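These are the residues of each chain, in order.
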Amino acid sequence: MNGLAKRARLAAALALVLMLAAALFLESMERSAQEAAAEYAVSARASDIELLARLVAAEASGEPYAGQVAVAAVVLNRVKSSKFPDSIPEVIYQPGAFESVSNGLIWARTPSRTSYNAARDALNGWDPTYGCIFFWNPYKRVSAWIWARPIVTQIGRHVFAR
Amino acid sequence: MKRNYILWLAAGLVVALAVFGLWSMRSRAYSADNQLEAGYQKAFYNLIENVNNVNVLLSKALVTSSNGQRIMVLTSVWHEAEKARSNLSSLPLGTRDMTNTQKFFAQMGDFSRTLAEKIAQGQTITQREWNILKQFKKNTQSLNQYLRELSDDVARGRVKWEKGSFASGMSRRIGEVMADKFVAIDQRLKEEAPTIAYDGPFSDHVENIEPKAITGSAITEEEAVERGKKFIENPQNIKYDVSVTAKTRGVIAAYTLSFKRSGSDDVDIVMDISRRGGHVLWFLNSRDVKEQQIDVETAVEKAEKFIETRGYENMEATGSLRENNVITVTFAYKQGDVLIYPDFVKVKVALDNGEVVGFDALGYLTNHTERTIPEFKISQEEVEKKFEGRLTVSRIRKVIIPDDAKKETYCYEVDGKLDGERYLVYINALNGREEEILKVVETDRGTMTM
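These figures come from a predicted structure and were not determined experimentally.

We now examine the overall build of chain A. Each helix and strand in chain A was counted, giving seven helices and three strands. If you list the helices and strands of chain A from N to C, you get α-α-α-α-α-α-β-α-β-β. Looking at chain A residue by residue over its 162 residues, the buried ones come to 45%. Considering only intrachain contacts with a sequence separation of at least 6, the fraction spanning at least 24 residues in chain A is 61%. Summed over its atoms, the accessible surface of chain A is roughly 8,500 Å², and 61% of this surface lies on carbon and sulfur atoms.

Quick look at the structure:
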């Protein structure tokens, strides 16, 4: 009688331990899956930020902060537009699209903390240009057809147009 | 005598070295040039192939009697058109205007995809849509012909893509270079291709959406400055010199205000205020953010309080992302029990002192209006049943999401987990269609959807 109760108690305890172990195992599996996914998402965003920050540093360092966000925003607007290719690298490395790629400045200059902040603000949705897909320095020579685009604003030394 | 001999030898060596150096530099430049040219020619030949394929696929889409086949063919049109976009953007056309051709490919692919989706949902193709397909087929046919004319040039050997940078007299003799011929094609396509409206992101009507919540009368520059000063938080009581530094002519005409610290030339805060009604569209404070002093919950509460005191009521936090010592919180408007995603504002809070250092209401001001919410035809139980055994559902709520063409759709948002990974699935509340699946990734910095 006593032995039976003891055995039952033992079995119950064992079952409890087993259940706990199983729960812990499942929990850890779930967590590792989540961590793997998180890392993947973070690295996708990180490479976007890196490339955008490089372009900002090469095209707009010395410009006011809003001008730097605006340059990053133009890249993102091009990605969304039907008139340009549909990824950040394809837009930035389109032949002839950015002077800083043609002259190598994009690789030569190290982005500052400000360039990274500007890239992040643009990725988070701030767009001082309201959807512009072109910008240029009005004091330099540019193709005539670009001047025919509707100009939205000028920030620092850059004109932005749709 | 002997000294002379050594001098001559040295001179000879220097010359030989220089010649060798020049020669190796040239041959390196030459092989790099060839690699580039090979890349360009590859893109060119691929482009011809893509256009040809699209043309053939479109004719099949018109002919086939099977809807299954038509879905497959139209999906292939989309893929080929996307490849054409990518190949076209790999060509060295400088800063020339190729936007019409790019847009043509993008619209054709996007239109075909939405059409395939429609058929998959059991809808029928309208006469107007047939006509657009036919038009696209005609356009690709002539585009194909224009490109073939150019391919004679390519077949002759190395292509003269651009005018050289040397003497203009020389380059004039070359005549029209390849890049110019592409521009000519772009212009011809501009005249031939149709403007189309359909339910996709590249539809022509999407670009011209009127902002809905910009109301009121015009304000002056002085009024804008006053409003701007009142709008920002200024916990450190910094004295700012505020002035209007630009007038923007975007979708919403606005004054751009610059906030400078008294005695400094650096702009701390930039803000746009709509000229009509004086709504603050966005602002950014680019000050350095120091060590974290406040926790994330407090920051979210601060953001909530900020928008509430600026007249944004019934807003619910829908997500946040922490980067360095700044957190960006997104809020969406809630009408009754329906969460309205298109009416969103974003608030950036600095974690050093809890100051709001960024605000963006463009989404809200573009889309917000009181909606007449229709009766939901599908019940929550029906939605739950759809996911039985597939997804462990933790929450279902009513929402409005914008579709690709910015049209609003009433949905149930199903928040659930499968194998420990979180998903948001959107079920159309009027016809039960599944509109969208988002995978939610939770990191220590916040949540991201993809």
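Another aspect to go through is the interface of chain A and chain B. Interface size, as often reported, equals the accessible area lost upon joining of the parts. Contact with chain A, which involves 43 residues of that partner, is made by 52 residues of chain B. Summing both sides of the interface, chain A and chain B together bury roughly 3,900 Å²; the carbon and sulfur share of this comes to 57%. Put simply, chain A and chain B have three salt bridges between them. For the salt bridge of Glu323(B) with Arg120(A), the shortest nitrogen-to-oxygen distance reads 3.8 Å. Across the chain A-chain B interface, the total number found is 14 residue pairs in polar contact (both at pLDDT 80 or more). Of all the elements, helix α1 (residues 2–60) of chain A adds the most residues to the side of chain A that touches chain B, at ten residues. The class makeup of the residues in the side of chain A that touches chain B is 20 nonpolar, eleven polar and twelve charged.

Right, let's get into unusual backbone geometry. Residue and element names in this part refer to chain B. Of note in this structure, Asn237 is not a glycine but carries a positive phi near 50°. By secondary structure assignment, the location of Asn237 is in the loop between α7 (221–231) and β1 (240–249). At Asn314, a residue that is not glycine, the phi angle is positive and equals roughly 55°. Within the secondary structure, Asn314 is located in the loop between α8 (296–309) and β5 (315–323).

For side chains of opposite charge, pairing can occur when their charged atoms come near one another. Residues and elements named next belong to chain B. This model, assessed by the stated rule, comprises 25 salt bridges over all chains. Its salt-bridge partner being Asp337, residue Lys398 comes within 3.5 Å of it at the nearest N-O pair. In this pair, Lys398 is assigned in strand β9 (residues 392–402) and Asp337 in the loop between β6 (326–335) and β7 (338–350), connecting sequence segments 61 residues apart. Residue Asp337 is classed as partly exposed on the basis of its relative accessible area of 47%. With a closest N to O distance of 3.8 Å, Glu413 and Arg395 form a salt bridge. Within this pair, whereas Glu413 is found in strand β10 (residues 408–418), its partner Arg395 is found in strand β9, the two being separated by 18 residues in sequence.

Parameters at a glance
Residues numbered from 1 in each chain as written. Chains lettered and ligands numbered in written order. Predicted model: local features only at pLDDT ≥ 70, side-chain atom pairs only at ≥ 80, totals over all residues. Heavy atoms only, no water. Helix = DSSP H or I, 4+ residues; strand = E, 2+ residues; numbered from the N terminus. Buried < 20%, exposed > 50% of the residue type's maximum accessible area, 1.4 Å probe, protein only. Contact = heavy atoms within 4.5 Å. Areas by Shrake-Rupley, 256 points an atom, 1.4 Å probe, with all protein chains shown as cover. Buried area = accessible area lost by both parts, 1.4 Å probe. Salt bridge = Lys/Arg side-chain N within 4 Å of Asp/Glu carboxyl O. Polar contact = N/O pair within 3.5 Å; in protein donor to acceptor, adjacent residues only side chain to side chain. Nonpolar A, V, L, I, M, F, W, Y, C, P; charged D, E, K, R; others polar.

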